[in-house]
Amino acid sequence: MSNSKDEFRSGFVCFVGRPNTGKSTLTNALVGQKIAITSSRPQTTRHTIRGIVHREHAQLILVDTPGLHRPRTLLGQRLNDLVRDTYSEVDVIAICIPADEKIGPGDRWIVEQVKLMAPKTTLLGVVTKIDKVSRDQVAHQLMAVSQLLGPEADVVPVSAVKGEQVEVLIDVIASKMPEGPAFYPDGELTDEPEETLMAELIREAALEGVRDELPHSLAVVIEEVLEREENEDESEGKRSAPGMLDVHALLYVERPSQKAIIIGKGGSRLKEVGTNARKQIEHILGVRIYLHLHVKVAKDWQRDPKQLGKLGF
């Protein structure tokens, strides 16, 4: 019974770390396509987006949670509950610490919380952004992370941007998974509904380059997605383009001043947001999109249970 088929491993892994430690970039590098949104803002990821990594010997399902933080609002509390549930259900928790920053109180607090919330889950250290420092610094950081996590945790250095050590990391994570069948058919990259991906990509585009306090107070809801009829280009001898999708999205902010920031002078910023988001969505869905964006003010939605429910939290 020891044929190689019996040794197929599958399971769930979740990347954890302070904001901007490269978790989403790593998720995208492992999956081989952009799935998680990346931004230098804390709290950018709002949904547990799962990326799926297919290999001959294993299938890894990457669960991307919102960062753990000390909650100040009802939204913060709900996001933390989401994290707590996820930690206890995954097989491996990978703690991401960048090679170019010293381990600080934030990292220690996260490791403490993870050990409290999921004492039985396998821990793994990932030293990210190794392309930014010398080999000596990488070695030094590996030792420091090893001390932080304890002797039983493996530590892997990786550069998601350069693709260095990505396969090694996949192998190490796979080795820690239980034996079992694949959960998803080959070729599937995420089990997130397309609406969720669209909303996240619009949100990412809207946050790009805004140095205000927008991240926490921006929510995006996809109102409807309508398919247009086939485009008839045959008369000119062109092949018929696939049906275009009309996507209607609402961007909710908490104050009129924030609405003005998102829209920009004469609507210029909103137009830019639409263009950037559209390109990303078309790339992922492989279909042409027409994006209709509207900005609405929902006063203090992060503190209002009714509004939170309406916005999907």
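Our structure's up above, just so we're on the same page.
About the criteria used
- Residues numbered from 1 in each chain as written.
- Predicted model: local features only at pLDDT ≥ 70, side-chain atom pairs only at ≥ 80, totals over all residues.
- Heavy atoms only, no water.
- Salt bridge = Lys/Arg side-chain N within 4 Å of Asp/Glu carboxyl O.
- Helix = DSSP H or I, 4+ residues; strand = E, 2+ residues; numbered from the N terminus.
- Buried < 20%, exposed > 50% of the residue type's maximum accessible area, 1.4 Å probe, protein only.
- Core = buried A, V, L, I, M, F, W, Y, C linked by side-chain atoms within 4.5 Å.
- Contact = heavy atoms within 4.5 Å.
- Axes fitted to C-alpha atoms, helices over the stretch in contact; angles between N-to-C directions.
- Parallel < 35°, antiparallel > 145°, perpendicular 65-115°, else oblique.
- Nonpolar A, V, L, I, M, F, W, Y, C, P; charged D, E, K, R; others polar.
- Pairing = 2+ DSSP bridges.
- Expected span 1.5 Å × (residues − 1).
- Disulfide = S-S within 2.5 Å.

Turning our attention to the pattern of salt bridges. Per the stated rule, a full pass over the model turns up 6 salt bridges. Among the salt bridges present, the one from aspartate 107 reaches arginine 18, with a minimum N-O distance of 2.8 Å. Here aspartate 107, found in helix 3 (residues 105-117), pairs with arginine 18, found in the loop between strand 1 (9-16) and helix 1 (23-31); they are 89 residues apart in sequence, far enough to count as distant. Since its relative accessible area comes to 3%, aspartate 107 is described here as buried. A salt bridge links glutamate 282 to arginine 278; the shortest N-O distance between them is 3.2 Å.

The next subject is the nonpolar core. Generally speaking, soluble globular proteins have nonpolar side chains that are buried together. Formed by 26 residues in total, the largest nonpolar core has its most connected members in Val16, Tyr87, Ile93, Ile95, Val114, Leu123 and Leu149. Element by element, the count of residues in this core is highest for helix 3, at 5 residues. Every residue in contact with isoleucine 93, bar those within four places of it in the chain, is listed here: Cys14, Val16, Tyr87, Val114, Ala118, Thr121, Thr122, Leu123 and Leu124. Among the nonpolar cores identified, the runner-up in size contains 25 residues, and Ala206, Val247, Ile281 and Val295 belong to it.

For the pair helix 1 and helix 5 (residues 166-175), the least separation of the axes is 10 Å and the interaxial angle reads 90°. Considering the angle they form, helix 1 stands roughly perpendicular to helix 5. In this structure, helix 1 contributes Leu26, Ala29 and Leu30 to the contact, and helix 5 contributes Val166, Leu169 and Ile170. Residues belonging to the contact of helix 1 with helix 5 are distributed by class as follows: 6 nonpolar, no polar and no charged.

Turning next to the pairing of strand 8 (residues 245-253). Buried residues dominate strand 8, accounting for 9 of its 9 residues. Where burial is concerned, the two faces of strand 8 agree: the one with Leu245, Val247, Ala249, Leu251 and Val253 and the one with Asp246, His248, Leu250 and Tyr252 are both buried. Examined bridge by bridge, strand 7 (residues 219-227) and strand 8 share 8 bridges and lie antiparallel to one another. Its bridge partner being in strand 8, valine 221 is matched across the sheet by leucine 250. Where strand 8 and strand 9 (residues 289-297) come together, 9 bridges link them in parallel fashion. Counted as the bridge partner of leucine 251 is valine 295 from strand 9.

Moving on: the sheet that holds strand 9. By definition, the strands of a sheet pair up through backbone hydrogen bonds, in either a parallel or an antiparallel sense. If you trace the 3 strands from one edge of the open sheet to the other, you get 7-8-9, paired in mixed fashion. Of all strands in the sheet, those with a lone pairing partner are strand 7 and strand 9, marking the two edges. Averaged over all adjacent pairs, the angle separating strand axes in this sheet is 20°, with direction ignored. In this fold helix 7 (residues 256-263) packs onto strand 8 and strand 9, with an angle of close to 155° to the strand it touches most, strand 9.

Taking 1.5 Å of rise per residue, 13 residues should cover 18 Å, and helix 3 covers 18 Å from first to last C-alpha, within 8% of that figure. Within the span of helix 3, buried status applies to Asp107, Trp109, Ile110, Val111, Gln113, Val114 and Met117.

A separate point is the state of the cysteines. In the structure shown here, the tally under the stated rule is 0 disulfides. Looking at the unpaired cysteine 14, the closest cysteine sulfur is the one in cysteine 96, lying at 9.1 Å. Judged by relative accessible area, cysteine 14 falls into the buried class, the value being 0%. By relative accessible area, which is 0% here, cysteine 96 ends up buried.

Bringing helix 1 into the picture now. Burial analysis of helix 1 places 7 of its 9 residues in the buried class, the great majority of the element. Downstream of helix 1 by a residue or two, glycine 32 has a phi angle that is positive, lying close to 90°.

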